[in-house]
Amino acid sequence: MTAALGWLVASYVVGAIPTSYLVARVFRGVDLRAHGSRNLGATNLYRVLGWKYAIPVGVFDAAKGAVPVWVFGPHGPAWPLFPLLCGIAAVIGHVFSVFVGFRGGKGVATAAGVVLALAPWALLAVLVVWAAIVRFTGYVSLGSVVSAALFPLAAFVIHSTRGPVLLAEIALALFIIWKHRTNLRRLAAGTENRFGRRASPASAGGPS
């Protein structure tokens, strides 16, 4: 049990690396917590600083989810659920990072890394859905919520995921949806920002 706790803590710490915050601070002297949506995720980094910074950060954030599953999970207890628990710990670390006052992103990229390691074909299926929704509506948040909701079903159908692992994937999906609750309220009110809108660090300040 002690070993399991150690790997879960290690997973949290990896997930808690505040990638977008560090990149914005080190390379541009910008505190991302004060601009755009003030969210420490790749989407807000894109809106404030552009693709040049957002793409590598998004990839790294996904790796923060995949590495605990691939590397830490096999070293823990021989529970079928344990690699996924490591991934969930990493997502929690990303969303509530101890390094930046328990703030962070909304966990989408890190969760994508987790499911890439566990159910890659299911991830591919929901990525197609995500891309279509973002392309035709412009709302990243809507694509993320719908994709999160569909992932457990895709894992069930494509990978025959069952039992505690499926329940944990449902819990992860619900957590991602819960993190988007303010976006959902703005979508309902018609005030959600569409993807592609850029804001300069000097002027960014509205929600996204």
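Okay, so let's go over this structure. (Residues numbered from 1 in each chain as written. Predicted model: local features only at pLDDT ≥ 70, side-chain atom pairs only at ≥ 80, totals over all residues. Heavy atoms only, no water.)

## Quick look at the overall build of the protein
Logical step 1: Tallying secondary structure elements over the protein gives ten helices and zero strands in all.
Logical step 2: Helices and strands in the protein line up, N terminus first, as α-α-α-α-α-α-α-α-α-α.
Logical step 3: Along the three orthogonal principal directions, the C-alpha set of the protein runs to about 50 × 35 × 25 Å.
Logical step 4: Of all 208 residues assigned to the protein, the portion counted as buried reaches 48%.
Logical step 5: Long-range contacts, defined as pairs at least 24 residues apart, comprise 66% of the intrachain contacts of the protein with a sequence gap of at least 6. (Helix = DSSP H or I, 4+ residues; strand = E, 2+ residues; numbered from the N terminus. Buried < 20%, exposed > 50% of the residue type's maximum accessible area, 1.4 Å probe, protein only. Contact = heavy atoms within 4.5 Å.)

## Notes on the pattern of salt bridges
Logical step 1: Throughout the structure, instances matching the rule amount to three salt bridges.
Logical step 2: A salt bridge links D61 to K64; its shortest N-O distance comes to 3.3 Å. Of this pair, D61 and K64 both sit in helix 4 (residues 51–72), three residues apart, which is roughly one turn of that helix.
Logical step 3: Residues E192 and R186 are paired through a salt bridge, measuring 2.8 Å at the closest nitrogen-oxygen approach. (Salt bridge = Lys/Arg side-chain N within 4 Å of Asp/Glu carboxyl O.)

## Some words on the packing of aromatic side chains
Logical step 1: A complete count under the given rule lists five aromatic pairs for this structure.
Logical step 2: For the ring pair W7 and F72, a centre distance of 5.2 Å and an interplane angle of 35° mean the geometry is tilted. Here W7 is found in helix 1 (residues 2–15), whereas its partner F72 is found in helix 4, with 65 residues between them in sequence.
Logical step 3: Residue class for F72 comes out buried when judged on its relative accessible area of 13%.
Logical step 4: An aromatic cluster is built from F96, F175 and W178, whose rings are joined through pairwise contacts.
Logical step 5: For R162, the ring lying beneath its charged end belongs to F156, and the centroid distance is 3.7 Å.
Logical step 6: One cation-aromatic arrangement involves R181 over W178; the distance from NZ or CZ to the ring centre is 4.0 Å. (Phe/Tyr/Trp six-rings, centres within 6.5 Å; stacked < 30°, edge-to-face > 60°. Lys NZ or Arg CZ within 6 Å of the ring centre and 35° of its normal.)

## Considering a nonpolar patch on the surface
Logical step 1: On the surface, L5, V9, V13, I92, F96, V98, F99, F102 and W178 cluster together to form a nonpolar patch covering roughly 820 Å² of accessible area.
Logical step 2: Mapped onto the elements of the fold, V9 is located in helix 1. (Patch = residues over 30% accessible without salt bridge, like charges linked within 9 Å, V, L, I, M, F, W, Y side chains within 5 Å. Areas by Shrake-Rupley, 256 points an atom, 1.4 Å probe, with all protein chains shown as cover.)

## As for helix 2 (residues 19–28)
Owing to its 3.6 residues per turn, the α-helix brings residues three or four apart onto one side.
Logical step 1: For helix 2, the set of buried residues is T19, S20, Y21, V23 and A24.
Logical step 2: Buried-residue contacts for helix 2 involve helix 3 (42–49) and helix 4.
Logical step 3: G29 lies just past helix 2 and shows a positive phi near 65°.

## Overview of the packing of helix 7 (residues 120–137) against helix 8 (residues 140–158)
Logical step 1: Two elements in contact, helix 7 and helix 8, have axes separated by 8 Å at closest approach and are oriented at 155°. In terms of axis orientation, helix 7 runs roughly antiparallel to helix 8. Between helix 7 and helix 8 the crossing geometry is right-handed. For the pair formed by helix 7 and helix 8, the contact residues are W121, A122, L123, A125, V126, V129, W130, I133, V134 and T137 on the first element and V140, L142, G143, S144, V146, S147, L150, F151, A154, A155 and I158 on the second.
Logical step 2: When the residues that make up the contact of helix 7 with helix 8 are grouped by side-chain class, the tally is 17 nonpolar, four polar and no charged. (Axes fitted to C-alpha atoms, helices over the stretch in contact; angles between N-to-C directions. Parallel < 35°, antiparallel > 145°, perpendicular 65-115°, else oblique. Left-handed = near helix turned anticlockwise from the far one by under 90°. Nonpolar A, V, L, I, M, F, W, Y, C, P; charged D, E, K, R; others polar.)

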